[in-house]
Amino acid sequence: MEKQEKARQFLKRFFGAHPRPLFKSMDGNVRGMHPILRYVDGATAEVLAGDIAKFMGVSTPRVAAVLNCMEQKGFVVRHPSNGDKRKVVVSITEAGKAELNKVDDELLALAEYLFETVGDDDLQEFLRIAERISHALQKRYEEVD
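Residues numbered from 1 in each chain as written. Predicted model: local features only at pLDDT ≥ 70, side-chain atom pairs only at ≥ 80, totals over all residues. Heavy atoms only, no water.

Caption draft 1: Summary view of the pairing of strand β3 (residues 88-92). Sheet analysis places strand β1 (residues 47-48) next to β3, joined by two bridges and oriented antiparallel. Considered in β3, the bridge of Val 47 is made with Val 90. Sheet topology places strand β2 (residues 76-80) next to β3; five bridges connect them, and they run antiparallel. Each residue of the ladder has a partner; that of His 79, found in β3, is Val 89. (Pairing = 2+ DSSP bridges. Helix = DSSP H or I, 4+ residues; strand = E, 2+ residues; numbered from the N terminus.)

The structure is reproduced here in structure tokens:
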């Protein structure tokens, strides 16, 4: 289990190293689906499409297009907010959680493979550098916006 935990920590740092503006490249069909599933699954409050758009740094219409695709696949449902019926809340379904678990398993296997082939020291150095790059890019995007 130590190898899997190391892979899990690697993935957490790896995905944490990506600046949000890079999500702007997602298209309206499938790209962005897994980050949205992860965001909605981890939310502690009701999630609106605008919350997702802000988190990912993309427009609300782009998020709506991805949510339409995700809803057709049965990964999310949209329903009125309990507090304000004018607002539409996004919730993950059991199928969405299963999809997220499937992707997590694939990513863990990939990370384990990387540890076996590249090595712990080099991957840790890669993460250190990737995090520095991410922070630099994030700062640059903030300066431009």
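Caption draft 2: Fine view of the pattern of salt bridges. With the rule as written, the count across this model stands at nine salt bridges. When the shortest N-O distance is used, the salt bridge between Glu 5 and Arg 8 registers 3.7 Å. Here Arg 8 and Glu 5 lie together in helix α1 (residues 2-16), a separation of three residues that amounts to about one turn. For Glu 5, a relative accessible area of 39% translates into the label partly exposed. Linking Glu 99 and Lys 102 is a salt bridge whose minimum nitrogen-to-oxygen distance equals 3.6 Å. Pair noted here: Glu 99 and Lys 102 are both in helix α5 (residues 94-117), with a separation of three residues, about one helical turn. By relative accessible area, Lys 102 is classed as partly exposed at 43%. (Salt bridge = Lys/Arg side-chain N within 4 Å of Asp/Glu carboxyl O. Buried < 20%, exposed > 50% of the residue type's maximum accessible area, 1.4 Å probe, protein only.)

Caption draft 3: Molecular detail of the sheet that holds β2. Spatial strand order, β1-β3-β2: three strands in an open sheet with antiparallel pairing. In this open sheet, the two strands that pair with only one neighbour each are β1 and β2. Strands in contact with helix α4 (residues 60-73) are β2 and β3; relative to β2, the strand with the most contacts, it is inclined by about 115°. (Contact = heavy atoms within 4.5 Å. Axes fitted to C-alpha atoms, helices over the stretch in contact; angles between N-to-C directions.)

Caption draft 4: Local environment of the nonpolar core. Residues Ile 36, Leu 37, Val 40, Ile 52, Leu 67 and Met 70 are the most contacted members of the largest nonpolar core, which totals 18 residues. For this core, the elements supplying multiple residues, two or more each, are α2 (33-42), α3 (49-56), α4 and β3. Of all hydrophobic cores here, the second largest spans eight residues; its members include Leu 11, Ala 111, Phe 115 and Leu 127. (Core = buried A, V, L, I, M, F, W, Y, C linked by side-chain atoms within 4.5 Å.)

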